[in-house]
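What follows is each chain in one-letter form.
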Amino acid sequence: MARRTIREQTESIERETLHPHACLSSRSRGRARADGEDDIRTCFQRDRDRIIHSKAFRRLKQKTQVFLAPKGDHYRTRLTHVLEVAQIARTIARALRLNEDLTEAIALGHDLGHTPFGHAGEEVLDELHPGGFDHYKQSLRVVDVIEKDGRGLNLTHEVRDGILKHSKGRGMIMPEAEKERPATLEGQIVRIADIVAYLNHDLDDAIRAGVVQRTDVPDHIARVIGKSYAKRIDSMVRDVVQASLARDLSAVVLSGEMGAAIYALRDFMFQAVYENPVVRAELDKAKGILRSLYAYYLDNTEEAFRDVPIPRDTEKHRLVCDFIAGMTDQFALMTYEKLYFPQQWKVL
Ligand code: MG
């Protein structure tokens, strides 16, 4: 009998040790373009690696989470958000004996389509792009089309599904309708880990910024989720693990009590932080910058994209929208300055 590869051995370890409802890498529905198997890594490990090595992943380090280009080094960025989601999601996946590699790949890829200036950027592109704009659809577009000069990362079906269905805005944390939920339990973990991560770190940053005080969190919420940053993540993670096991892993869920506390915390965060006029003021200025950049690139498409390798049939609005969505905060500010600020004459 031929010797089995390391990847094949890893696949049997998955079969022997993971929960019967786990998504096994050997049962993946595969990629849009067949590209063979690696002899060391499973398909989901390769997807995680492709995401980490992508240009869009590196740009997350200079994209706003909530506070615009903050001077303090301890504020979250979109990159640290994604890393915290991956940490929380992997803890849950391992506790439930689900596929940690698939979970990690979805977590690291879920926000690749985020615009500069956080949700303010998303609102501008949604208003200007004729087809509308949603960051989760853009994340899929980044991995399917934009990366690698238009060839995309050619990820597996399961990772793509998890990326597309992670977002909930102000909707249900886990929708009742099966077709609206991520198809794998691993994708469902990321959907919950995303909100666990962002509510907690945004609250932590808002306290750091002096926008809210620790004691502002209403008592009925703090009683359920805990009073410190560490305690809150811990109680939410424990709740997901226990509530999902109590349902025999038919879905990844929160208990009724914790779910209600998280919805209440989300309402508190919208009112106290995300829609706080002081936080919004800078983001509204940033929206003006993106509107000007959009108009400029729409008027100067030929010249601006002359040397960029893009498929010939890419429509003008699509091209401008993709370009702006991909910008970091710093690149957008720098480009705006170059285009619209008079430059000082340099005398040699
Ligand atoms: Mg996210």
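How each quantity is defined
Residues numbered from 1 in each chain as written. Predicted model: local features only at pLDDT ≥ 70, side-chain atom pairs only at ≥ 80, totals over all residues. Heavy atoms only, no water. Helix = DSSP H or I, 4+ residues; strand = E, 2+ residues; numbered from the N terminus. Rg over C-alpha atoms; globule rule 2.2 N^0.38 Å. Buried < 20%, exposed > 50% of the residue type's maximum accessible area, 1.4 Å probe, protein only. Contact = heavy atoms within 4.5 Å. Areas by Shrake-Rupley, 256 points an atom, 1.4 Å probe, with all protein chains shown as cover. Lys, Arg positive; Asp, Glu negative; His and termini not counted. Charge placed at Lys NZ, Arg CZ, Asp CG, Glu CD. Donors = N, O, S within 2.8 Å, 3.2 Å for Na, K, Ca; no water. Polar contact = N/O pair within 3.5 Å; in protein donor to acceptor, adjacent residues only side chain to side chain. Phe/Tyr/Trp six-rings, centres within 6.5 Å; stacked < 30°, edge-to-face > 60°. Lys NZ or Arg CZ within 6 Å of the ring centre and 35° of its normal. Axes fitted to C-alpha atoms, helices over the stretch in contact; angles between N-to-C directions. Parallel < 35°, antiparallel > 145°, perpendicular 65-115°, else oblique. Left-handed = near helix turned anticlockwise from the far one by under 90°.

1. Some details on the overall build of the protein chain
A count of helical and extended segments in the protein chain gives 16 helices and zero strands. At 21 Å, the protein chain has a C-alpha radius of gyration in line with the 20 Å of a compact globule built from 348 residues. Across its three principal axes, the protein chain shows a C-alpha extent of roughly 70 × 60 × 40 Å. Looking at the protein chain residue by residue over its 348 residues, the buried ones come to 52%. Put simply, of all contacts in the protein chain between residues at least 6 apart along the chain, 71% involve residues at least 24 apart. Roughly 17,600 Å² of accessible area belongs to the protein chain as shown, and the carbon and sulfur atoms make up 52% of that amount. Computed over 53 positive and 53 negative side-chain charges, the separation of the two mean positions in the protein chain equals 2 Å.

2. Looking at the coordination of the magnesium ion
Around a metal, the idealised angle for a tetrahedral arrangement of four donor atoms is 109.5 degrees; for an octahedral arrangement of six donor atoms it is 90 or 180 degrees. Taken together, His81 (NE2), His110 (NE2), Asp111 (OD) and Asp194 (OD) make up the full set of protein donors to the magnesium ion, lying 2.2 to 2.5 Å away. Classification of His81 by relative accessible area gives buried; the value is 1%. Using a relative accessible area of 6% as the deciding quantity, one classes Asp194 as buried.

3. What about the side chain of Thr115?
Relative to the assigned elements, Thr115 resides in the loop between helix H5 (100-109) and helix H6 (118-128). One polar contact links the side chain of Thr115 to the main-chain carbonyl oxygen of Gly118, over a distance of 2.8 Å.

4. Examining the environment of Ala34
You can see Ala34 is positioned in the loop between helix H1 (6-17) and helix H2 (43-52). Residue class for Ala34 comes out exposed when judged on its relative accessible area of 79%. With 191 residues separating them in the primary sequence, Ala34 and Ile225 have C-alpha atoms 46 Å apart.

5. Focus on the packing of aromatic side chains
Scanning the entire structure with this criterion turns up ten aromatic pairs. Aromatic side chains Phe270 and Tyr274 sit 5.1 Å apart centroid to centroid with 75 degrees between the ring planes, which places their arrangement in the edge-to-face category. Of this pair, Phe270 and Tyr274 both sit in helix H12 (residues 256-274), four residues apart, which is roughly one turn of the helix. Neither residue differs from the other here; Phe270 and Tyr274 are each classed as buried. Every member of this aromatic cluster is reached through a ring pair, and the members are Tyr296, Tyr297, Phe305, Phe323 and Phe331. Taking the ring centre of Phe270 as reference, the NZ or CZ of Arg170 above it sits at 3.9 Å.

6. Some thoughts on H6
Taken together, the buried positions of H6 are Gly118, Ala120, Gly121, Glu122, Val124 and Leu125. Buried positions along H6 lie against helix H4 (78-95), helix H7 (135-146), helix H13 (277-299) and helix H15 (316-326).

7. Topic: the packing of H5 against helix H8 (residues 157-164)
Here H5 crosses H8 at 45 degrees, and the two axes come no closer than 9 Å. The angle between H5 and H8 falls in the class oblique. You can see that H5 and H8 cross each other, and the crossing is right-handed. Where H5 approaches H8, its residues Leu102, Ala105, Ile106 and Gly109 are matched on the opposing element by Glu158, Val159, Gly162 and Ile163.

As far as function goes, none of this settles anything; it's purely spatial.
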